[in-house]
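# A look at the structure
As a plain string of letters, each chain reads:
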Amino acid sequence: MNAPPEDQPASARPGFWRRFSQNLEAGRRAYVADLKEVFGRPAIDPTFWDDLEATLLAADTGVAVATRAVERLRQEAAGAHLRTPADALAHLKGILGAEMAPRPRSLNLDGRPAVVLVVGVNGSGKTTTIGKLAFWLRRQGRRPLLAAADTYRAAAIDQLRALAQRAQVEVVAHQPGADPGAVAFDAVQAALARGADVVLVDTAGRLHTRADLMEELRKVRRVLQRLDPNAPQEVLAVLDAHVGQNSARQVKVFAEAIGLTGLAVAKLDGTARAGVVLGIEEELGVPTKLVGIGEGLEDLDAFDPSEYLDALLRMEAT
Ligand SMILES: Nc1nc2c(ncn2[C@@H]2O[C@H](COP(=O)(O)OP(=O)(O)OP(=O)(O)O)[C@@H](O)[C@H]2O)c(=O)[nH]1
Ligand SMILES: [Mg+2]
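Just so you know, these numbers come straight off a predicted model, no measurement behind them.

We now examine the packing of helix α4 (residues 63–78) against helix α11 (residues 276–284). In the contact formed by α4 and α11, the axes pass within 8 Å of each other and the chain directions differ by 105 degrees. One finds that α4 runs roughly perpendicular with respect to α11. Counted together, A64, V65 and R68 of α4 and L278, G279 and E282 of α11 form the full contact between these two elements. Of the residues in the contact of α4 with α11, the class split is 3 nonpolar, 1 polar and 2 charged.

Take a look at the structure:
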């Protein structure tokens, strides 16, 4: 984190995490019922550990996280401090929290302008996330500018323009089919000329031209680095929570090709895969920095592991 805390509060949205919990409710009723059943047992019985692991797996935390967490709890139960299912629940949040804690999660916006390159597979939520992020940044006194570097489809440029209008930020766009590197270059120049301090670069997500796409992204990065050796300050991959653990595998290609500084997990509303953030981080080793819980401009915030785990392990209705 390079900006002072007051410049970029951990959460810019009062009530965001309450809505996050409420949105999760819709998709995870069966999971909550399992959670209640397992942790509501009067004692740790012979099937308790397997059932707990199955419940975590059902929330899509991924195998590695679920087995490691249950193993740790079992070890603690062998000692004196963990005797009941309720104890296990209390300890579980600490164990999962420790898995997430060491990763820096604030956006690095230390550049003039700072450049955020947004990548990801087709339909993961890149363009929508950029609109939401522009709005989020503006509410914190930043001046974002959008770069329409997904030049494959005219519709992609129009979509970004429409979002920019709603978020009241400027867009730099070329014609469909134009060189994405040239768009990124012009956007940074425009930001310098107009006093914008963050450039958000939208990119294409075609899967079937994967090799071409990766080369194109590398080229965009080279162009940006020519203007500022530290750019892009952030390379964010947008993942679709509904795709679950598989989305991490899809994003690995981007991580290997250009490197990632953070993840933005979109569509965490109405999904049964509430635990997906844990598994994705485990698989990629890249911190989740932003989460999206809807299509509205307000539906994005900085990722807060503690709020997230509270929502994940909460059993009462919100
Ligand atoms: N429910 C929900 N829908 C979302 C969210 N983020 C994006 N969407 C929807 O997901 C669909 C795809 O979003 P886009 O932002 O166009 O995805 P993209 O990655 O830019 O897609 P391409 O440019 O085609 O690769 C749209 O219908 C969005 O409205 C979210 O957080 N929640
Ligand atoms: Mg798009």
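From this point, the discussion proceeds with the structure in view.
Moving on to the pairing of strand β1 (residues 114–119). Of all 6 residues in β1, 6 are buried, a share of seventy percent or more. Side chains A114, V116 and V118 project from β1 onto one buried face, and the interleaved V115, L117 and V119 project onto a second face that is buried too. Here β1 pairs with strand β5 (residues 234–240) via 4 bridges, running parallel. Note on β5: the bridge partner recorded for V118 is L236.

Moving on, we come to the site of ligand 1. Near ligand 1 there are 21 residues, and of these K126, T127, T128, D269 and E295 occur at the shortest range. Interatomic distance of 3.3 Å between a side-chain N/O atom of R153 and an oxygen atom of ligand 1. K267 has a polar backbone atom sitting 2.9 Å from an oxygen atom of ligand 1. Per-element tally for the shell around ligand 1: the top contributor is helix α6 (residues 126–139), with 4 residues. In the shell around ligand 1, the residues fall into 3 nonpolar, 10 polar and 8 charged.

On to the side chain of S247. Take S247: it is sitting in helix α10 (residues 246–258). For S247, a relative accessible area of 2% corresponds to the buried category. Not counting residues within four places of it along the chain, the set of residues in contact with S247 comprises L239, D240 and I280.

A complete count under the given rule lists 20 salt bridges for this structure. Across the pair D60 and R273 runs a salt bridge whose closest N-O atoms are separated by 3.0 Å. With D60 in the loop between α3 (48–58) and α4 and R273 in the loop between β6 (262–266) and α11, this pair connects stretches of sequence that are 213 residues apart. In this structure D60 comes out as buried when scored by relative accessible area, which is 11%. According to the relative accessible area criterion, R273 is partly exposed, its value standing at 33%. The partner of E76 in a salt bridge is R72, with the nearest N and O atoms 3.6 Å apart. Within this pair, E76 and its partner R72 are both found in helix α4, separated by 4 residues, close to a single helical turn. Taking relative accessible area as the criterion, E76 reaches 21% and is therefore assigned partly exposed. Overall, R72 belongs to the partly exposed group, its relative accessible area being 39%. One network of salt bridges, with partners in common, ties together E37, R41, D45 and D51.

With that out of the way, let us pick up the domain arrangement of the protein chain. As assigned here, the protein chain comprises domain 1 (16–100) and domain 2 (114–302). Between domain 1 and domain 2, the C-alpha centre-to-centre distance is 33 Å. Every contact between the two is made by 20 residues of domain 1 and, on the other side, 23 residues of domain 2. Counting the surface lost from both domain 1 and domain 2, the interface buries some 1700 Å², and carbon and sulfur atoms represent 62% of this. Contact with domain 2 buries surface across domain 1, with F16, D60 and M100 losing the most and accounting together for 33% of the total. For the pair domain 1 and domain 2, the interface holds 3 salt bridges. Between R68 and E282 there is a salt bridge whose closest N-O contact spans 2.6 Å. Put simply, domain 1 and domain 2 have 7 residue pairs in polar contact (both at pLDDT 80 or more) between them. The set of elements that each furnish at least two residues to the side of domain 1 that touches domain 2 consists of α1 (16–27), α4 and α5 (85–100). Looking at the side of domain 1 that touches domain 2 element by element, the count peaks at 8 residues for α1. Taken together, the residues that form the side of domain 1 that touches domain 2 break down as 11 nonpolar, 4 polar and 5 charged.

What counts and what doesn't
- Residues numbered from 1 in each chain as written.
- Chains lettered and ligands numbered in written order.
- Predicted model: local features only at pLDDT ≥ 70, side-chain atom pairs only at ≥ 80, totals over all residues.
- Heavy atoms only, no water.
- Axes fitted to C-alpha atoms, helices over the stretch in contact; angles between N-to-C directions.
- Helix = DSSP H or I, 4+ residues; strand = E, 2+ residues; numbered from the N terminus.
- Parallel < 35°, antiparallel > 145°, perpendicular 65-115°, else oblique.
- Contact = heavy atoms within 4.5 Å.
- Nonpolar A, V, L, I, M, F, W, Y, C, P; charged D, E, K, R; others polar.
- Buried < 20%, exposed > 50% of the residue type's maximum accessible area, 1.4 Å probe, protein only.
- Pairing = 2+ DSSP bridges.
- Near = heavy atom within 4 Å.
- Polar contact = N/O pair within 3.5 Å; in protein donor to acceptor, adjacent residues only side chain to side chain.
- Salt bridge = Lys/Arg side-chain N within 4 Å of Asp/Glu carboxyl O.
- Domains from an automatic or database assignment.
- Buried area = accessible area lost by both parts, 1.4 Å probe.

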